[in-house]
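Chain and residue survey
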Amino acid sequence: MAVSGAKEFQVEAAPADVMAAIAAVDRLPEWSSAHKKVIVESTHPDGRANRVRMTVSIMGINDEQVVDYTWDGDSGMSWTLVESTQQNSQDGSYTLTPKGDGTLVKFALTVDPKIPLPGFLLKKAQKMALETASQGLTKFLAGK
């Protein structure tokens, strides 16, 4: 059963700075506690990550994932799961919109696990992922 969620949050940084932080995919473990190891296997011509292999652990479930990234300048990015030990599919995205002196960030995530999980556990894991994306990214940007 696939589950989808989204979260919007504001950060006090320009869209280009927010996207630079997101584009530093190899630094994900610094601000996302779920990401244990990240290896950029290939890049797009502009140097941003294309295919990435990562080790992720959330709520005691460990996953080896390969994802492909697509970039839309400094206004957005998305990824699609290529292979995983624990998921049938995963799609995620960040959309950045200038707002005042900062940026409105929308993070969206859809996950379909291979093993059946109780709905409340799936929702809890999803909530943790959304919170990590907003709080972790915000703290990471503040520390720059």
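This text goes with the structure placed above it.
Description of the structure in this document. Keep in mind that what you see is a predicted model, and the values were worked out from it rather than measured.

As enumerated under the stated definition, the model contains six salt bridges in all. Ionic pairing is found between Glu30 and Arg27, a salt bridge with its closest N-O pair at 2.8 Å. Ionic pairing is found between Asp68 and Arg51, a salt bridge with its closest N-O pair at 2.7 Å. A residue pair is termed long-range when its members are at least 10 positions apart, and Asp68 in strand β4 (residues 61-72) and Arg51 in strand β3 (residues 49-58) qualify at 17 residues. The class for Asp68 is partly exposed, based on a relative accessible area of 23%. Connected through salt bridges with shared partners, the residues Glu41, Arg53 and Glu83 form a single ionic network.

As summarised here, the arrangement of the seven strands in space is β1-β7-β6-β5-β4-β3-β2, forming an open sheet in which the pairing is antiparallel. The open sheet terminates on both sides in strands that have one partner only, identified here as β1 (3-11) and β2 (35-43). Sheet twist, expressed as the average angle between the axes of neighbouring strands with direction ignored, equals 20 degrees. When strand β5 (residues 76-84) meets strand β6 (residues 87-99), the two strands line up antiparallel, connected through five bridges. When the sheet's bridge partners are listed, Thr80 is paired in β6 with Asp91. Sheet strands touched by helix α1 (residues 15-23): β1, β4, β5, β6 and β7 (102-113). Its angle to β6, the strand with the most contacts, is close to 155 degrees. In the packing of helix α3 (residues 119-142) onto the sheet, the strands contacted are β1, β3, β6 and β7, and the crossing angle to β1 comes to about 20 degrees.

Cut-offs and rules
Residue positions are given per chain, counting from 1 as you read along its sequence in written order. With pLDDT at 70 or above as the cut-off, local features in this predicted model cover only qualifying residues; side-chain atom pairs require 80 or more to be listed or tallied, and sums for whole chains, interfaces and linings still use all residues. Heavy atoms from the whole structure form the basis of all side-chain values; hydrogens and water molecules are not counted. By convention in these notes, a salt bridge is any Lys or Arg side-chain nitrogen within 4 Å of a carboxyl oxygen on Asp or Glu. Each helix corresponds to a stretch of at least 4 residues labelled H or I by DSSP, and each strand to a stretch of at least 2 residues labelled E; elements are numbered beginning at the N terminus. Exposure categories follow from relative accessible area, calculated using a 1.4 Å probe and restricted to protein chains: below 20% of the type maximum is buried, above 50% is exposed, and the middle band is partly exposed. At least two DSSP bridges between two strands are needed for those strands to be called paired. Helix axes are fitted to C-alpha atoms over the stretch in contact, other axes to C-alpha atoms as well, and angles between N-to-C directions run from 0 to 180 degrees. Whether two residues touch is decided by their heavy atoms; if any such pair falls within 4.5 Å, the residues are in contact.

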